[in-house]
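These are the residues of each chain, in order.
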Amino acid sequence: MRVIILGSGSYSGTPRPLCNCENCVRARKYPQYMRTRFSVFIPEIKALVDPSPDLHYHLKHLNMDVKKVFITHAHFDHIAGLPELQIFRGIKFYSHEYAVNIAKHLQELFLGGRDWKYIPLEFNRWYDFGFRVYHFPTVHQPIEFAGGFVIEIGKNRIAITGDTGPEILNDENAIEVMRGVDLLIAEMTRKQSIPGTHLGVEDAIKLAQKVEAKKIVFAHISHSNYTQEKLEDIVRDYGYIIARDFTYVEI
Ligand SMILES: [Zn+2]
Ligand SMILES: [Zn+2]
Ligand SMILES: [Zn+2]
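As the structure is a prediction and not an experimental result, all values here were calculated from the model.

1. Some remarks on the pattern of salt bridges
Phase 1: Applying the stated criterion across every chain, the model contains 10 salt bridges.
Phase 2: Put simply, Arg 2 and Glu 250 hold a salt bridge, and the shortest N to O gap is 3.4 Å. On the criterion of sequence distance, the pair formed by Arg 2 in strand β1 (residues 2-7) and Glu 250 in strand β14 (residues 247-250) is long-range, its members being 248 residues apart.
Phase 3: Given the relative accessible area of 40%, Arg 2 is considered partly exposed.
Phase 4: In this structure, Arg 37 and Asp 54 form a salt bridge, with 2.6 Å as the shortest nitrogen-oxygen distance. With Arg 37 in the loop between α1 (22-29) and β2 (39-42) and Asp 54 in the loop between β3 (47-49) and α2 (55-62), this residue pair connects regions lying 17 residues apart in the sequence.
Phase 5: Its relative accessible area of 16% is what places Asp 54 among the buried residues.

Written out as structure tokens, the structure is:
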């Protein structure tokens, strides 16, 4: 089964306008260093995780039908591309009630009537929709309702942390539900963790070691993080993957 990291960047993307850091300068010159905003696609169930503001660019290259949309949380970089889904019929949205209501509002505001369905998920329980899904909460201030997912499709389990502070390292429940998954996609926003908000490099690696997934990919990488090559050097001995845009992962 294949999973595609459509966007590997964080909220401002790389390059960020007017920024002259090493990552932004290089990304302007060489497009392979660009990072669009975080998004994932799971072709097996036609599922998009997080309709990012770069969704039009993602869909243009992906060229696949979207039937399900999971939303980790209702921050701009994870939900603002929702109106780009206008070309698809019969989409089902899955997230905590808070994000689902914002998704519905964006649809009504920009698109009017659609045959889309909104399925609010309570945190910390399994749902069975033909595939299984578990939505666990994360600490990600200032938003109150943010979370990650474990999605089980046949024998394959995929965990996506969403945006999370380093508090996830002490969240026994989240670690337990992610433990041993076939693929963990974890955020690694900055060089250093921001308590209550984002994971830095060291804590993202600590999380990966606790979860012991069969494959581990780091994404949601800020322009202010290390370069792609430096990050690859740091995780090389562990066998982890640093996502670029459109990284294909086979599980
Ligand atoms: Zn984000
Ligand atoms: Zn920059
Ligand atoms: Zn966020």
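2. Examining the sheet that holds β14
Phase 1: Read from one edge to the other, the open sheet built from seven strands follows the order β6-β5-β4-β3-β2-β1-β14, with strand pairing classed as mixed. Of all strands in the sheet, those bounded by a partner on one side alone are β6 (117-120) and β14. Adjacent strand axes in the sheet meet at a mean angle of 20°, parallel and antiparallel pairs treated alike.
Phase 2: Note that β3 and strand β4 (residues 68-70) share three bridges and pair parallel.

3. Concerning the coordination of the zinc ion (ligand 1)
Phase 1: Only Asp 77 (OD), His 78 (NE2), Asp 163 (OD) and His 220 (NE2) from the protein reach the zinc ion (ligand 1) as donors, at distances of 2.1 to 2.2 Å.
Phase 2: For the zinc ion (ligand 1), the four donor atoms in the first shell make angles of 88 to 163° at the metal, so the coordination geometry reads as irregular.
Phase 3: The motif formed by the donor residues of the zinc ion (ligand 1), counted along the single chain, is D-H-x84-D-x56-H.
Phase 4: Separating the zinc ion (ligand 1) from the zinc ion (ligand 3) is a gap of 3.5 Å, which Asp 163 spans by donating to each of them. Residue His 78 is located in helix α3 (residues 76-79), and its partner Asp 163 is located in the loop between β10 (156-160) and α5 (172-178); the two are separated by 85 residues in the primary sequence.
Phase 5: Overall, Asp 163 belongs to the buried group, its relative accessible area being 3%.

4. What to know about the nonpolar core
Phase 1: Counting residues in each nonpolar core, the largest one holds 29 residues, and the members touching the most others are Phe 136, Val 150, Met 178, Leu 184, Met 188, Leu 207 and Phe 218.
Phase 2: For this core, the secondary-structure elements that each account for two or more residues are β8 (132-138), α5, β11 (183-187), α6 (201-211), β12 (215-219) and α7 (228-235).
Phase 3: It is α6 that provides the largest number of residues to this core, a total of six residues.
Phase 4: Residues within four places of Leu 184 in sequence aside, it is in contact with Ala 159, Thr 161, Met 178, Ala 208, Val 211, Ala 213, Lys 215, Ile 216 and Val 217.

5. Brief notes about the coordination of the zinc ion (ligand 3)
Phase 1: On the protein side, the zinc ion (ligand 3) has His 73 (NE2), His 75 (ND1), His 140 (NE2) and Asp 163 (OD) as donor atoms, found 2.1 to 2.4 Å from it.
Phase 2: In this structure, the zinc ion (ligand 3) is coordinated by four donor atoms arranged in irregular fashion, with angles at the metal of 90 to 172°.
Phase 3: All donors to the zinc ion (ligand 3) come from one chain, and their sequence spacing reads H-x1-H-x64-H-x22-D.

6. A few points about the sheet that holds strand β9 (residues 146-153)
Phase 1: With mixed pairing, the seven strands of this open sheet are ordered in space as β7-β8-β9-β10-β11-β12-β13. The strands lining the two open edges of the sheet, one partner per strand, are β7 (126-128) and β13 (241-242).
Phase 2: Here β12 pairs with β13 via two bridges, running parallel. Residue pairing in the sheet places Phe 218 in a bridge with Ile 242 of β13.

Cut-offs applied
Numbers given to residues run from 1 along each chain, matching the order in which its sequence is written. Both sets of labels track the order of writing: A upward for chains, 1 upward for ligands. Where local features are concerned, this predicted model is filtered to residues with pLDDT of at least 70; where side-chain atom pairs are given and counted, the filter is 80 or more; whole-chain, interface and lining totals use all residues. Note that water and hydrogens are dropped before the side-chain values are worked out from all heavy atoms of the structure. A pairing counts as a salt bridge when a side-chain nitrogen of Lys or Arg comes within 4 Å of a carboxyl oxygen of Asp or Glu. Put simply, DSSP H or I for four residues or longer makes a helix, DSSP E for two residues or longer makes a strand, and each gets a number counted from the N terminus. Think of it in three bands: with a 1.4 Å probe and only protein chains considered, a residue is buried below 20% of the maximum accessible area for its type, exposed above 50%, and partly exposed in between. Only strands that DSSP links by at least two bridges are regarded as paired with each other. Lines fitted to C-alpha atoms define the axes, with helix axes restricted to the stretch in contact, and inter-axis angles between N-to-C directions lie between 0 and 180 degrees. Distances define the donors: N, O and S atoms within 2.8 Å of the metal qualify, as do those within 3.2 Å of Na, K or Ca. Water is excluded, so some sites may look unfinished. Square planar and octahedral assignments, for four and six donors respectively, both demand that opposite donors be over 155 degrees apart and that all other angles lie between 65 and 115; tetrahedral needs four donors with all angles between 85 and 135 degrees, and anything else is irregular. By nonpolar core we mean a set of buried residues, namely Ala, Val, Leu, Ile, Met, Phe, Trp, Tyr and Cys, connected to one another through side-chain atoms within 4.5 Å. Here, two residues are considered to be in contact whenever any of their heavy atoms come within 4.5 Å of each other.

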